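As a plain string of letters, each chain reads:
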Amino acid sequence: MCSSKKRLNKTLSVVAVMLITWVNLSFAQSQTEQLDELFKLYNKYGQFNGSVLIANKGKVLYKKGVGMANMEWNMPNQADTKHRLGSVTKQFTAMLILQLVAENKLALNEPISTYLTNYNKDIADKITIHHLLTHTSGIPNYTAAQGFMQNESRNPYTPEEFVKKFEDSALEFTPGEKFSYSNSGYFLLGVLIEKITGKTYEQVIEDHIFTPLKMSNSGYDHHRDILKNRATGYEKSGSTFVNAKYLDMSIPYAAGSLYSTVEDLYTWDQALYTDQLLPQKYMDLYFKPYIPAFGNYKYAYGWAVGKDAIGNTTDSIEVITHDGGINGFNTSISRSISDQFLVVLLNNTGGAPLYEITKAIRGIMYDKTYDLPKQSLAYHLLALVQKEGIEAGIDYYNTAKYDDAVNLNENEMNDIGYQLMNDNKVKEAAEIFKLNIDAFAQSFNVYDSYGEALMNLGDKENAIKNYKKSIEINPANQGGIEMLKKLGVDTAKMEEDIVVPESLLESYIGKYELLPDFFITVSKEGTQLRAQATGQATLDVFAKSDNVFYLKAVAAQITFNKAENGKVESLTLLQNGKEMTGKKCLVLDQEKTQLKKTN
């Protein structure tokens with residue numbers, strides 16, 4: 001009897017194990033199906049075209065290619081397709097630097113003049129290797145220089161030749177004072193690596209990272225090389241894709257010159273949980289967050305460290321991450337240390353919403369709600385206008401703008417308007433810009449674009465009207481002011497600054513929380529009001545009225561809101577047609593006094 005009971009229990013146990021296995025398999029299949037549907041839609045809507053890998057607890061759960069690696073030859077993306085990484089390169093450069101530090105060949109807090117004796121000494125004496133690694137050097141970012149893409153990006157340079165392009169540039173701030181993303185700093189780190197080792201950056205990274213880890217599908221991308229399974233880079237032009245502009249790869253260098261695959265980046269991710277490349281005490285330095293950077297992230301050495309959302313919930317997870325962008329490609333690697341969760345996205349059509357895709361992936365994998373992509377209203381509208389005419393397009397717009405299944409985006413609408421204008425369809429472009437005003441009436445740029453189209457149509461009176469409206473919303477729109485001057489309008493009053501009583505300016509000083517861990521800090525220097533978003537530079541703000549201010553450095557507006565008792569209770573930021581309001585934090589008197597000083 002007892003033996004029968006034992007056999008029965010054993011049978012039930014086996015059934016239970018089978019049931020659990022089936023349930024787990026079913027859930028895994030469900031996740032796979034959800035991921036397949038997610039990427040199918042992102043690709044269908046022209047928002048992702050590349051390779052993806054997802055891993056958890058050290059095991060690959062999902063990897064595949066999406067769309068085309070080469071559109072001319074219908075060659076599909078695969079898991080082993082090689083993509084340019086852009087700024088994901090920086091984490092490899094930072095690793096090489098720390099390896100040299102561990103070998104006592106470099107010191108993080110030594111001025112770079114110790115090693116780069118040919119660099120402008122007055123500047124090099126002030127900057128340490130730590131400053132370069134954390135984007136706190138103050139060296140201007142060479143890719144942001146006016147005319148850079150037109151004048152420099154296609155030409156080959158040696159590292160020493162290219163350094164001369166920016167070595168005498170004045171520092172934007174005192175080194176160590178704040179974060180300002182600078183490819184120049186990481187370019188210099190590559191020069192440092194070559195100086196110390198006597199080898200090329202390419203050879204050092206091959207010897208010290210790629211070969212030891214057997215990352216055989218990674219390397220320095222040279223345009224001339226025949227590279228098996230290399231993706232071609234594309235960029236969106238309206239609703240279609242075009243080949244990305246040529247970039248000589250000597251330009252991104254140690255800041256963005258590498259290529260890799262999602263599989264090799266998984267190998268890289270797994271090695272970072274060990275001391276195979278670097279002793280543990282230096283690994284701790286590698287990932288240590290040093291300074292506020294983007295949003296709620298802090299910057300480490302080649303990595304951003306912070307919290308990312310899980311799906312469309314308020315739940316979040318600690319991540320170590322970095323994105324990259326280079327002609328025709330944008331990339332992302334996101335690592336969660338708590339459960340060794342990894343998402344690698346390599347896209348070869350530029351501009352894909354990789355952060356939103358990563359959020360959705362986490363939603364699927366953590367069994368949370370998540371958002372599916374939406375079709376672009378603008379690009380579907382453009383295709384319809386090109387095929388059936390503007391009236392059909394307007395009819396579609398008037399219906400689709402209420403449809404939750406499509407996404408109406410100001411910048412995309414502006415983009416298709418200019419594409420039509422470039423195709424000499426100025427009347428159609430004007431109608432598109434007019435629709436954009438209907439949707440984003442608080443944005444200065446929609447009136448500016450409509451004004452340009454009206455001017456090209458010879459409607460001077462309405463062009464002036466729209467340019468004036470644009471400047472009313474954003475007095476810093478210098479381009480609009482210049483166009484009005486060309487149209488014969490006296491702009492003297494538009495360029496006058498409004499004087500706000502100092503006592504009122506004092507009431508605006510404080511810290512305003514727009515998102516968790518994301519603030520705008522308002523300070524005052526003399527009679528000049530200033531604002532600083534978390535991790536960003538401090539910028540002057542200028543009065544449009546007693547409580548509305550605008551920025552000249554970026555197209556943004558700040559409105560200070562008062563409670564019924566007359567005290568300032570919040571701040572509203574208007575940027576890119578969207579509003580965000582943040583409550584004023586309580587500030588002690590001594591803190592308030594400190595905020596009056598320049599950051």
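Criteria and thresholds
- Residues numbered from 1 in each chain as written.
- Predicted model: local features only at pLDDT ≥ 70, side-chain atom pairs only at ≥ 80, totals over all residues.
- Heavy atoms only, no water.
- Pairing = 2+ DSSP bridges.
- Helix = DSSP H or I, 4+ residues; strand = E, 2+ residues; numbered from the N terminus.
- Phe/Tyr/Trp six-rings, centres within 6.5 Å; stacked < 30°, edge-to-face > 60°.
- Buried < 20%, exposed > 50% of the residue type's maximum accessible area, 1.4 Å probe, protein only.
- Lys NZ or Arg CZ within 6 Å of the ring centre and 35° of its normal.

> Tell me about the sheet that holds strand β15 (residues 341-347), and please be specific about residues and values.
Spatially, β2-β1-β15-β14-β13-β12-β11-β10 is the arrangement adopted by the 8 strands of the open sheet, whose pairing is antiparallel. Edge strands, defined here as strands with exactly one partner in the open sheet, are β2 (59-66) and β10 (291-292). Bridge count between strand β1 (residues 50-56) and β2: 7 bridges; the pairing is antiparallel. Looking at the pairing, Ser51 lines up with Gly65 of β2.

> So what about the packing of aromatic side chains? Which residues, and what values?
Going through the model one piece at a time under the given rule, you end up with 27 aromatic pairs. Taking 6.4 Å as the distance between ring centres and 85° as the angle between the ring planes, the aromatic pair formed by Tyr286 and Trp303 counts as edge-to-face. With Tyr286 in helix α11 (residues 280-287) and Trp303 in the loop between β11 (298-299) and β12 (304-309), the pair connects residues that are 17 residues apart, well separated along the chain. Relative accessible area serves as the criterion here: at 0%, Tyr286 is assigned to the buried category. Every member of this aromatic cluster is reached through a ring pair, and the members are Tyr142, Phe148, Tyr157, Phe162, Phe166, Phe187, Tyr201, Tyr220 and Tyr253. We note Arg335 situated over the ring of Tyr273; from NZ or CZ to the ring centre the distance is 4.6 Å. Positioned above the aromatic ring of Tyr447, the side-chain terminus of Lys469 is 5.9 Å from the ring centre.

> Tell me about the sheet that holds strand β5 (residues 83-84), and please be specific about residues and values.
Strand order in the open sheet made by the 3 strands is β5-β9-β6, with antiparallel pairing throughout. Each edge of the open sheet is held by one strand with a lone partner, namely β5 and β6 (219-220). Where β6 meets strand β9 (residues 258-260), 2 bridges bridge the pair, whose relative direction is antiparallel. The partner of Tyr220 across the bridge, within β9, is Leu258.

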